[in-house]
Amino acid sequence: MGTKQEQTSGDKDAPLQDSASIADVSVEVATVDHTLRMLRRMYRKSRRRPKGLKRLLAYVLNIPHITVIVTAVMFVLVVIIWTMLWVFVIRRESYSGAYFAGMFRVANVEFIPEYRQAESREFVSMATKVQHVVSSVYKTSSVARLYKQAVISDLSNNDQGGVLVHFWMLFIVPRIKSAAMSEEIIEAILRNSVHTSLQNRSSVGYLLGLPVDMDSILVNVVQRSDYTSNTGDSQCVDKLYANLPGVSVPLNVYSSWGGVKCHMKLTSVPGSLIRLTVSSFLIEPTDCVYDALVVYDALLPMRGRILHSLCEPVSSSFSIVSTSNVMLLSFRMSDNKSFKGHFEAIAEEKCMSQIETQSGGQIYSPFYPSLLPPQCSCIWTFKAKSRTTLNMFIILSFSFF
């Protein structure tokens, strides 16, 4: 009984549940046009609100923002242009390079043949030592802020022994102080740095431990073109060596299209001098503006060591003698010019002598027919031999002077 009543009540509730579920369902009918309008609306919203880079560009390209950005870019460009003008124009005009060439003798040091080769280990070691000493002197001097660098160019020797050092120096000087950078001041700084002993009474002192002959110190101001033409920018820097006295070494220089600026460094055996013979020099006379040959009594173009200058063509040969075993030839020739000659090592001659004569004779200057070297002093003493008691006189006549 109980079972039948439960089933009957269950059957009665079933239609009620079905009617409740059907009433909760809502039906929406959408047409195709309505769907398309919804899609277009969503597409327009996505375009109105760009994302990422597009959104940033849209923000940047706004008119107020463009004005700010253009102003900032113009300011940066003005700063860059002004900086470049200062570095490459104004600063270069307010500062200039002061170039000097110098030399001194390092005493108590034995010269070895490897010093003639700038690529040798011995040359690099000695040059580095001397360069450090020179730099230390000027870096602690009154011109320390203006000093830039020192470069050791050559190492040679002479009859006095030791090592003769040729070097360059560069200073960066404001134009308002360029007059203060004279060669006398630069040489005085180096000379005053050499400490000598009163007990020794010699010209050799010590430059930061380096034995230096004070009498050999010489510093000359040079042009920038002299420095660049003797270093990396030169068209030719030749080094020639005469190892046997009396043996001629030929010298031939030709200038093709565009001209040439050439330097020849001549060296001979220690204890000898160099005789340069000029056979021909085919140039146009221009007062040494375009064509010239300058002969130096050193290995650097130092004004205080000029032996001879040629500014006109040479047709008949002549010779020049150095005061030591080094010589520098500096050529400057325009198109289609030439030089021919040779050099040799010769022995040094002394001209202090006493001449006794009875009937007459001839005397010649040292190294005749070569030009007399600078600072060459000669003394001749003449004595007439008399066989009678009559007074005799000596008459001198010069055929060439």
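Residues numbered from 1 in each chain as written. Predicted model: local features only at pLDDT ≥ 70, side-chain atom pairs only at ≥ 80, totals over all residues. Heavy atoms only, no water.

1. Concerning the environment of Ile 186
Here's step 1: Considering the arrangement of structural elements, one finds Ile 186 in helix 6 (residues 183-192).
Here's step 2: A relative accessible area of 0% places Ile 186 in the buried class.
Here's step 3: In this structure the C-alpha to C-alpha distance between Ile 186 and Asn 220, which are 34 residues apart in sequence, comes to 8.8 Å.
Here's step 4: Non-local contacts of Ile 186, meaning those with residues more than four positions away in its chain, are made with Phe 100, Tyr 138, Met 169, Phe 171, Met 181 and Val 219. (Helix = DSSP H or I, 4+ residues; strand = E, 2+ residues; numbered from the N terminus. Buried < 20%, exposed > 50% of the residue type's maximum accessible area, 1.4 Å probe, protein only. Contact = heavy atoms within 4.5 Å.)

2. Side note on the packing of aromatic side chains
The description of two aromatic rings rests on the distance between their centres and on the angle between their planes.
Here's step 1: In total, this model carries ten aromatic pairs according to the counting rule given.
Here's step 2: Both rings, one in Phe 100 and one in Phe 171, keep their centres 5.7 Å apart while their planes meet at 90°; by these two values the pair is edge-to-face. Of this pair, Phe 100 sits in strand 1 (residues 95-106) while Phe 171 is found in strand 3 (residues 163-174), placing the two residues 71 residues apart along the sequence. Here the two residues Phe 100 and Phe 171 agree in accessibility, since each one is buried.
Here's step 3: Geometrically, the ring pair formed by Tyr 138 and Tyr 147 is stacked, given 6.0 Å between the ring centres and 10° between the ring planes.
Here's step 4: Take Tyr 138: its relative accessible area is 0%, and that puts it in the buried class.
Here's step 5: When its relative accessible area of 9% is taken as the criterion, Tyr 147 is described as buried.
Here's step 6: Within the aromatic cluster, the residues linked to one another by ring pairs are Phe 100, Tyr 138, Tyr 147 and Phe 171. (Phe/Tyr/Trp six-rings, centres within 6.5 Å; stacked < 30°, edge-to-face > 60°.)

3. Observations concerning the pattern of salt bridges
Side chains that differ in charge, positive against negative, can pair when their charged atoms come close.
Here's step 1: Following the criterion strictly, the structure yields seven salt bridges and no others.
Here's step 2: Notably, a salt bridge pairs Lys 265 with Asp 154, separated by 2.7 Å at the nearest N-O pair. Of this pair, Lys 265 sits in strand 8 (residues 260-268) while Asp 154 sits in strand 2 (residues 147-156), and the two are 111 residues apart along the sequence.
Here's step 3: You can call Asp 154 buried: its relative accessible area is 4%.
Here's step 4: Members of the salt-bridge network, linked through shared partners, are Asp 154, Lys 239 and Lys 265. (Salt bridge = Lys/Arg side-chain N within 4 Å of Asp/Glu carboxyl O.)

Read these as geometric descriptors, not functional statements.
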